[in-house]
Amino acid sequence: MERIMLEILAEEAQKGNKPSNFFKPTSFHRVTTTISERFDVVCESDHVENQLKTFECTWQLITTIRGSNGFGWDDKLKMIVAAKKPYEEALEAHPKWEYLNKKLEMYDEMSLTAWIPTLEFDFTTSADR
């Protein structure tokens, strides 16, 4: 179910149905309808919203790990990589960093779904340009 939810939400984000931090209601409706029909369960918007929060927390952890000193990213394998020493030190300090050296199958979908747009500013003055 999670995989289908991520796939649908990623498609919705690509269509422009996540213009800010939130998906449009039509996106949630598409997910609830698809999940309900495909799995013969009752899936409501609250379920989708809760799962989306889980995706966002996971995404936040992944980006934190990727940004940590000694860690890299293998785009072909879709995984965070690290040498043995930084890996062992990170696991000792952060036992919940379960995404180290593991393929992130739905990384692209998660990046579209959990990514929160931020404003970017150009702080250069006209004299600097």
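Predicted model only: the values in this text are computed from it and were never measured. (Residues numbered from 1 in each chain as written. Predicted model: local features only at pLDDT ≥ 70, side-chain atom pairs only at ≥ 80, totals over all residues. Heavy atoms only, no water.)

Novice: Before we move on, could you go through unusual backbone geometry and cite the residues and values that matter?
Specialist: Even without being glycine, aspartate 40 reaches a positive phi, approximately 50°. Of note, aspartate 40 is situated in the loop between helix H2 (25-39) and helix H3 (45-66). On the accessibility criterion, aspartate 40 (72% relative accessible area) is exposed. Positioned with a positive phi, lysine 78 is a non-glycine residue whose angle comes to about 55°. (Helix = DSSP H or I, 4+ residues; strand = E, 2+ residues; numbered from the N terminus. Buried < 20%, exposed > 50% of the residue type's maximum accessible area, 1.4 Å probe, protein only.)

Novice: Residue-level account of the packing of aromatic side chains, with values.
Specialist: A complete count under the given rule lists 4 aromatic pairs for this structure. Ring centres of phenylalanine 23 and phenylalanine 28 lie 6.4 Å apart, and the angle between their planes is 40°; this geometry places the pair in the tilted category. Relative accessible area serves as the criterion here: at 9%, phenylalanine 23 is assigned to the buried category. The exposure class of phenylalanine 28 is buried, given its relative accessible area of 12%. Taking 5.2 Å as the distance between ring centres and 45° as the angle between the ring planes, the aromatic pair formed by tryptophan 59 and tyrosine 107 counts as tilted. Residue tryptophan 59 is located in helix H3, and its partner tyrosine 107 is located in helix H5 (residues 107-114); the two are separated by 48 residues in the primary sequence. Through a chain of ring-to-ring contacts, the aromatic side chains of Trp59, Trp73 and Tyr107 assemble into a single cluster. (Phe/Tyr/Trp six-rings, centres within 6.5 Å; stacked < 30°, edge-to-face > 60°.)

Novice: Tell me what's going on with H5, and back it up with residues and numbers.
Specialist: All of the buried residues along H5 are Tyr107, Met110, Ser111, Thr113 and Ala114. Of the surrounding elements, those touching the buried residues of H5 are helix H1 (2-14), H3 and strand S1 (71-74). (Contact = heavy atoms within 4.5 Å.)

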